[in-house]
Amino acid sequence: PEKVTAFEVGFKSEMLDRRVRLNASAFLTKYKAIQLLTGRRDDIGTLFFPVDNAGDLEIRGIEAELQARPVEDLSIFASLGYADEKWTDIYDGPFVSEDTRLPSMSHWNLVVGAQYDVALGDFGSLLLGGDWSYRSSYYHTTTNSENIKEDGYGLLGAHAVIEPANANWTLTFWGKNLTDAEYYGWGLDLVPIGNSHGTVWFGRPREYGATFRINL
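Since we're looking at a predicted model, the values are computed, not measured.

Novice: Before we go on, may I ask you to explain the overall build of the protein in this structure?
Specialist: Of the regular secondary structure elements, the protein holds zero helices and 13 strands. Starting at the N terminus and walking to the C terminus, you meet the elements of the protein as β-β-β-β-β-β-β-β-β-β-β-β-β. Scaling as 2.2 N^0.38, a compact globule of 216 residues should have a C-alpha radius of gyration of about 17 Å, whereas the protein reaches 23 Å, well beyond that. When the backbone C-alpha atoms are referred to their principal axes, the protein occupies close to 75 × 40 × 30 Å. In the protein, which comprises 216 residues, the share counted as buried stands at 29%. Taking as baseline every contact in the protein between residues at least 6 positions apart, the subset at least 24 positions apart corresponds to 57%. Separation of charge centres in the protein, based on 19 positive and 30 negative side chains, amounts to 4 Å.

Novice: Mind showing me how you'd approach the sheet that holds strand β2 (residues 20-37) here?
Specialist: Sheets are built from strands that pair by backbone hydrogen bonding, the pairs being arranged parallel or antiparallel. With respect to topology, nine strands assemble into an open sheet ordered β1-β2-β5-β6-β7-β8-β9-β10-β13, the strand pairing being antiparallel. Each of the sheet's edge strands pairs with one partner strand only, and the pair in question is β1 (3-15) and β13 (207-214). Each adjacent strand pair in this sheet contributes to an overall mean axis angle of 15°, direction not counted.

Novice: In this structure, what is going on with the packing of aromatic side chains? I would like to understand it.
Specialist: By convention here, two paired aromatic rings are described through the distance between centres and the angle between planes. This model, assessed by the stated rule, comprises seven aromatic pairs. Taken together, the aromatic side chains of Phe-123, Trp-169 and Phe-212 make up a single cluster linked through ring pairs. When the ring centre of Tyr-138 is taken as origin, the NZ or CZ atom of Arg-135, which lies over that ring, is 3.8 Å away. Here Lys-176 stacks its cationic end above the ring of Trp-174, 5.3 Å away from the centre of that ring.

Novice: Just checking my understanding: could you explain the nonpolar core for this structure?
Specialist: General note: in soluble globular proteins, nonpolar side chains tend to be found buried as a group. In terms of nonpolar packing, the biggest core is built from 10 residues, these being Ile-34, Leu-36, Ala-54, Leu-57, Ile-59, Ala-83, Trp-87, Val-96, Leu-102 and Met-105. Elements supplying a minimum of two residues to this core: β2, β5 (51-71) and β6 (74-90). With three residues, the top contributor of residues to this core is β5. Beyond its immediate chain neighbours, meaning those up to four positions away, Leu-102 contacts Ile-34, Leu-36, Leu-57, Ile-59, Glu-85, Trp-87 and Tyr-139.

Novice: What am I meant to see in the pattern of salt bridges here?
Specialist: Opposite charge on two side chains allows them to pair when their charged atoms are near. On inspection of all chains with the given rule, the structure shows seven salt bridges. Arg-204 is the partner of Glu-207 in a salt bridge, and the nearest nitrogen-oxygen pair spans 2.7 Å. Judged by relative accessible area, which is 55%, Arg-204 ranks as exposed. Each of Glu-14, Arg-18 and Arg-21 takes part in a single network of salt bridges with overlapping partners.

Novice: What's the story with the pairing of β6 in this structure? I'm lost.
Specialist: A regular strand places its side chains so that they alternate between the two faces of the sheet. Here 15 bridges tie β5 to β6, and the two strands are oriented antiparallel to one another. If you follow Ile-62 over to β6, its bridge partner there is Tyr-82. Taking the residues between adjacent antiparallel strands as the criterion, β5 and β6 are bridged by two residues. Taken together, the nine bridges between β6 and strand β7 (residues 108-119) define a ladder with antiparallel strand orientation.

Novice: Help me understand the pairing of β1 in this model?
Specialist: Across 13 bridges, the pairing between β1 and β2 is antiparallel. Within β2, the residue paired with Val-9 across the bridge is Ala-26.

Novice: I would appreciate a short explanation of the environment of Ala-64 in the present structure.
Specialist: Looking at where Ala-64 falls in the secondary structure, it is placed in strand β5. Taking the relative accessible area as the measure of exposure, Ala-64 reaches 28% and is therefore partly exposed. The sequence separation of Ala-64 and Lys-12 amounts to 52 residues, and the corresponding C-alpha distance is 9.8 Å. Ignoring any residue separated from it by four or fewer positions in sequence, one finds Ala-64 in contact with Asn-23, Ala-24, Ala-78, Ser-79 and Leu-80.

The rules behind the values
Residues numbered from 1 in each chain as written. Predicted model: local features only at pLDDT ≥ 70, side-chain atom pairs only at ≥ 80, totals over all residues. Heavy atoms only, no water. Helix = DSSP H or I, 4+ residues; strand = E, 2+ residues; numbered from the N terminus. Rg over C-alpha atoms; globule rule 2.2 N^0.38 Å. Buried < 20%, exposed > 50% of the residue type's maximum accessible area, 1.4 Å probe, protein only. Contact = heavy atoms within 4.5 Å. Lys, Arg positive; Asp, Glu negative; His and termini not counted. Charge placed at Lys NZ, Arg CZ, Asp CG, Glu CD. Pairing = 2+ DSSP bridges. Axes fitted to C-alpha atoms, helices over the stretch in contact; angles between N-to-C directions. Phe/Tyr/Trp six-rings, centres within 6.5 Å; stacked < 30°, edge-to-face > 60°. Lys NZ or Arg CZ within 6 Å of the ring centre and 35° of its normal. Core = buried A, V, L, I, M, F, W, Y, C linked by side-chain atoms within 4.5 Å. Salt bridge = Lys/Arg side-chain N within 4 Å of Asp/Glu carboxyl O.

Set out below in structure tokens:
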């Protein structure tokens, strides 16, 4: 069976009259007999996808979060994460070597954003916000196929929230992936296991809309 041992150390801080909050941590996760999805053909050539114990693995990384309120109505936030894997033992099996990266694992993740609260007099308030998230390259499957590798992408979002003074309702205008970035949401390459093709599913395109909510 797979076994996981995790260690983490970090700190949390507030400064500048609690207008700035900074948290950071470092972690080490040790996997014993990590289980990964692989693909094989049986004795009569039928394709199947077993979950195998691939080996022993360590993941080391850091995470940091920042929240700041430079002025009363403006808030800024950001987070940064880095993680890297290292195989310490590899069991007999297909597709896994000391260079194999874990499926769907980016080495870098970043989020930055801000919100600004605009007073609308006796009527209520208008909250304006936006954020940008980024993740670096990753593979979708254990085979680490270059054919369906995601090279990394960033997504831009924005929103505007109108709320009356009595807070009886809210009207939110929102947009996601505003730059219409194209990226692979998931992929499967069957060529390394003897099939003839691979398949990718693209992530969601640019979206925008409005949401009206009544607070009872």
